[in-house]
Amino acid sequence: QVRAGQPARRAAQSRPRRCRACPQRMDPRTEQLLFDYENALNRDDIDAAVRCFMQPAVAMSEGQVFMLDTPQACAFHLGNLVARYRTLGVGTIIHRVRGYLPMGPQAAFVDVEWLFDRQGSTLWTYHVGYQLVDVDGERRILSCTSHDTPIMRGAAGERLGPGA
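Residues numbered from 1 in each chain as written. Predicted model: local features only at pLDDT ≥ 70, side-chain atom pairs only at ≥ 80, totals over all residues. Heavy atoms only, no water.

1. Some thoughts on the side chain of H127
For step 1, the next point in the chain: Positionally, H127 belongs in strand 5 (residues 121–135).
For step 2, the next point in the chain: Judged by relative accessible area, which is 12%, H127 ranks as buried.
For step 3, the next point in the chain: In terms of polar contacts, H127 uses its side chain to reach the side chain of R98, at 3.4 Å. (Helix = DSSP H or I, 4+ residues; strand = E, 2+ residues; numbered from the N terminus. Buried < 20%, exposed > 50% of the residue type's maximum accessible area, 1.4 Å probe, protein only. Polar contact = N/O pair within 3.5 Å; in protein donor to acceptor, adjacent residues only side chain to side chain.)

Next up, the structure:
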């Protein structure tokens, strides 16, 4: 397990990864969606990140609910998140699937741990649950809920932010 302040175990990869902790094989559409979303965030490609969501969608973080009912609302929300990450010095954002639950052939729930890395050291991690559905044959995010408080660390390893 990677903890804040420790080096990240891998850099962003060029193809989707399988969930090793999941007893079932994750649907390839889910793997591709998570891969596309991670890559969009790492490239600061907000348009590509927005395409990972269906509209309307909903996000909940730190007790706040964000209605992502248009592509513009989704772009505004994701743009603010990515800008905040870059301001804090995040270089790479890495996802790791912690759990996968298929919900019939056209939907799934996935629990993801996000690792935020700066120069080989993990600044913070947090977990997000995603409800996913198929839209026009492609998997999309219907809702996402962060379900813990990020623990952030500064360059000297000191605890920062809301998890301090």
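After presenting the structure, the write-up continues.
2. Section: helix 3 (residues 71–87)
For step 1, the next point in the chain: For helix 3, with 17 residues, the first-to-last C-alpha span of 24 Å sits near the 24 Å given by 1.5 Å per residue.
For step 2, the next point in the chain: Considered for burial, the residues of helix 3 that qualify are C74, H77, L78, V82 and Y85. Viewed along the axis of helix 3, the buried residues span an arc of 125 degrees, placing them on a single side of the element. For helix 3, exposure combined with an orientation more than 90 degrees from the buried face picks out Q72, F76 and T87. (Expected span 1.5 Å × (residues − 1). Arc of directions from axis to C-beta.)

3. Remarks on unusual backbone geometry
For step 1, the next point in the chain: The amide bond that connects Q55 to the next residue, P56, takes the cis arrangement and shows omega of 0 degrees.
For step 2, the next point in the chain: By secondary structure assignment, the location of P56 is in strand 1 (residues 53–61).
For step 3, the next point in the chain: You will see that D44, though not glycine, has its phi angle at about 55 degrees, which is positive.
For step 4, the next point in the chain: Here D44 is to be found in the loop between helix 1 (28–42) and helix 2 (46–50).
For step 5, the next point in the chain: With relative accessibility at 38%, the residue D44 sits in the partly exposed group.
For step 6, the next point in the chain: Phi at D136 is positive, roughly 50 degrees, even though this residue is not glycine.
For step 7, the next point in the chain: Along the polypeptide, D136 turns up in the loop between strand 5 and strand 6 (138–146).
For step 8, the next point in the chain: What makes D136 exposed here is its relative accessible area of 79%.

4. Some words on the pattern of salt bridges
For step 1, the next point in the chain: Tallying each qualifying case throughout the model produces eight salt bridges.
For step 2, the next point in the chain: One salt bridge in this structure joins E113 and R96, with 2.5 Å as the shortest N-O distance. Of this pair, E113 sits in strand 4 (residues 107–118) while R96 sits in strand 3 (residues 92–102), and the two are 17 residues apart along the sequence.
For step 3, the next point in the chain: In this structure, R140 engages E138 in a salt bridge whose closest nitrogen and oxygen atoms are separated by 2.8 Å.
For step 4, the next point in the chain: Exposure remark for R140: the relative accessible area of 18% places this residue in the buried category.
For step 5, the next point in the chain: Linked by salt bridges that have partners in common, D27, R29, D134 and R139 make up one network. (Salt bridge = Lys/Arg side-chain N within 4 Å of Asp/Glu carboxyl O.)

5. Structural notes on the packing of aromatic side chains
For step 1, the next point in the chain: Tallying each qualifying case throughout the model produces seven aromatic pairs.
For step 2, the next point in the chain: Considering the side-chain rings of Y37 and F53, the 5.7 Å spacing of their centres and the 75 degrees angle between planes classify their relative orientation as edge-to-face. Of the two residues, Y37 sits in helix 1 while F53 sits in strand 1, which places them 16 residues apart along the sequence.
For step 3, the next point in the chain: When its relative accessible area of 7% is taken as the criterion, Y37 is described as buried.
For step 4, the next point in the chain: Judged by its relative accessible area of 5%, F53 is buried.
For step 5, the next point in the chain: Their ring planes at 10 degrees and their centres at 5.4 Å tell us that F116 and Y126 sit as a pair that is stacked. (Phe/Tyr/Trp six-rings, centres within 6.5 Å; stacked < 30°, edge-to-face > 60°.)

6. Notes on the pairing of strand 3
For step 1, the next point in the chain: Examined bridge by bridge, strand 3 and strand 4 share 10 bridges and lie antiparallel to one another. Residue pairing across strands places I93 opposite F116, the latter belonging to strand 4. (Pairing = 2+ DSSP bridges.)

7. Brief notes about the side chain of D134
For step 1, the next point in the chain: Inspection of the secondary structure puts D134 in strand 5.
For step 2, the next point in the chain: A distance of 2.2 Å separates the side chain of D134 from the side chain of R29, its partner in a polar contact.
For step 3, the next point in the chain: Within the structure, the side chain of D134 is placed 2.7 Å from the side chain of R139, a separation counted as a polar contact.
For step 4, the next point in the chain: Other than its neighbours up to four places away in sequence, D134 contacts R29, P105, Q106 and R139. (Contact = heavy atoms within 4.5 Å.)

These results come straight from atomic positions and should not be treated as a statement about function.
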